[in-house]
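If you want the building blocks of each chain, they are given just below.
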Amino acid sequence: MSKKPVRVAVTGAAGQIGYALLFRIASGEMLGKDQPVILQLLEIPDEKAQKALKGVMMELEDCAFPLLAGMEAHSDPMNAFKDTDYALLVGARPRGPGMERKDLLAANAQIFTAQGKALDKVASRNVKVLVVGNPANTNAYIAMKSAPSLPRKNFTAMLRLDHNRALSQIAAKTGTAVGDIEKMVVWGNHSPTMYADYRFATVNGKPVKDMINDQAWNKDVFLPTVGKRGAAIIEARGLSSAASAANAAIDHMRDWALGTGSKWVTMGIPSDGQYGIPKDTMFGFPVTTANGEYTVVDGLPIDEFSQERINLTLKELQEEQQGVAHLL
Ligand SMILES: NC(=O)C1=CN([C@@H]2O[C@H](COP(=O)(O)OP(=O)(O)OC[C@H]3O[C@@H](n4cnc5c(N)ncnc54)[C@H](O)[C@@H]3O)[C@@H](O)[C@H]2O)C=CC1
Ligand SMILES: O=C([O-])CC(=O)C(=O)O
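Predicted model, so just to flag it, every value in this text is computed and none were measured.

(A) Representation of the site of ligand 1 in the model. Around ligand 1, 23 residues are found, and the nearest of them are Gln 16, Ile 17, Glu 43, Val 132 and Asn 134. Note that a nitrogen atom of ligand 1 is positioned 3.4 Å from one of the side-chain N or O atoms of Gln 115. The side chain of Asn 134 places a nitrogen or oxygen atom 2.8 Å from an oxygen atom of ligand 1. A total of 860 Å² of accessible area belongs to ligand 1 in isolation, and the protein chains cover 82% of it. Partitioned by chemical class, the residues of the shell around ligand 1 number 12 nonpolar, 10 polar and one charged.

(B) Looking closely at helix α8 (residues 215-227). Bending of α8 peaks at approximately 25° at the position of Val 221, with proline Pro 224 no more than four residues after it. Every buried residue belonging to α8 is among Trp 217, Asn 218, Phe 222, Leu 223, Val 226 and Gly 227, and all of these are buried. Residues of α8 that are buried sit in contact with α6 (160-174), β9 (195-197), α7 (208-212), α9 (229-237) and α11 (304-324). Capping of α8 at its N-terminal end is provided by Asp 214; its side-chain oxygen lies 3.3 Å from the backbone amide nitrogen of Ala 216.

(C) Summary view of the environment of Trp 187. Within the secondary structure, Trp 187 is located in strand β8 (residues 185-187). It is 8.0 Å that separates the C-alpha atoms of Trp 187 and Thr 313, two residues lying 126 residues apart in sequence. With near-sequence residues (within four places) excluded, Trp 187 lies in contact with Met 194, Tyr 195, Asp 197, Tyr 275, Phe 283, Gly 284, Phe 285, Pro 286, Leu 300, Ile 302, Ile 310 and Thr 313. Within the structure, Trp 187 has its side chain in polar contact with the side chain of Asp 197 (distance 2.9 Å).

(D) Summary view of the site of ligand 2. As a structural note, the neighbourhood of ligand 2 is formed by Asn 134, Arg 165, His 190, Gly 230, Ile 234, Ser 240 and Ser 241. A distance of 2.9 Å is found between an oxygen atom of ligand 2 and a side-chain nitrogen or oxygen belonging to Asn 134. In the environment of ligand 2, an oxygen atom lies 2.7 Å from a nitrogen or oxygen atom belonging to the side chain of Ser 241. Look at ligand 2: alone it shows 260 Å² of surface, and the protein chains cover 73% of it. For the shell around ligand 2, the residue count by class is one nonpolar, five polar and one charged.

Rules behind the numbers
Residues numbered from 1 in each chain as written. Chains lettered and ligands numbered in written order. Predicted model: local features only at pLDDT ≥ 70, side-chain atom pairs only at ≥ 80, totals over all residues. Heavy atoms only, no water. Near = heavy atom within 4 Å. Polar contact = N/O pair within 3.5 Å; in protein donor to acceptor, adjacent residues only side chain to side chain. Areas by Shrake-Rupley, 256 points an atom, 1.4 Å probe, with all protein chains shown as cover. Nonpolar A, V, L, I, M, F, W, Y, C, P; charged D, E, K, R; others polar. Bend = angle between axes of the 7 residues up to and from the residue. Helix = DSSP H or I, 4+ residues; strand = E, 2+ residues; numbered from the N terminus. Buried < 20%, exposed > 50% of the residue type's maximum accessible area, 1.4 Å probe, protein only. Contact = heavy atoms within 4.5 Å.

Structure (structure tokens):
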């Protein structure tokens, strides 16, 4: 017997990440090739955005995806999030000319407060929320704080693109296959302060750290390359990462829903105090997942260099949180 459809809400559905994301969700790449989905798509109440969304929906129709059990266009989160099982919050206000980080934070705080409240009221009590829109960690924190009746653990931020970027850089450096690398970690904020950490990584069981054995490369090449990759893509493409961001969102949700076994992945999740990160800070941690739940890989040794990097990204996140505290 075929499975009951699940409801997947996507915000910013007519944007460039949306265009790279929706077709893959509808084809079963996120939740499995046997899981029908109903897409509940949210765009701003603007004629041009809603018209563009209709165009994307026409294309989704034209794919005749067997797993696409329904599709809705919305301009109000209270409708878009009704009974939703999964919510991918992609839509956000991008940084415009002359905008400071705090202006961006304030503009997005309004969006994510409203969306958190709507999720709180109308979503499934088991909803799995992934925030992609930047600043992703703080937006996820705001949504979580605005949804007090939902479990905190339901709210996550996307660090998976950083994780995947780190894997590719290590594969290139060591001349190995991406798929053979295990135990990569990216700590902290989705921003250039993130700490991509390959101290525990292995390739076919061999330690990557020993294969590279070059702390100067780690500090001066690897970390800046991964940390500033988003800016490098913008510089090259004239547009920010979209297909790779959508791919990371699929990876994040698929692993959360379907399980990783013993494989480590990075998720931005509200801290329970692990590694000295204050409770509720939306922080990138190594996790494994099973039965729809994630578990932090705890107790890893943190050396002096790593502690410094973790402190730096934590400080930035705390400043972002303080910047929006008056709005919550
Ligand atoms: N966490 C991560 O790793 C990454 C995050 N991003 C972020 O993802 C976000 C989306 O990127 P793109 O799709 O390239 O941008 P985009 O500008 O192409 O699309 C964003 C869409 O969101 C819509 N939108 C804005 N406010 C909304 C709201 N309140 N409700 C519903 N829809 C709303 C806009 O109308 C637009 O269609 C940006 O904030 C970007 O910085 C991008 C790449 C990686
Ligand atoms: O840098 C940006 O604006 C987009 C982004 O988050 C990324 O590519 O990591």
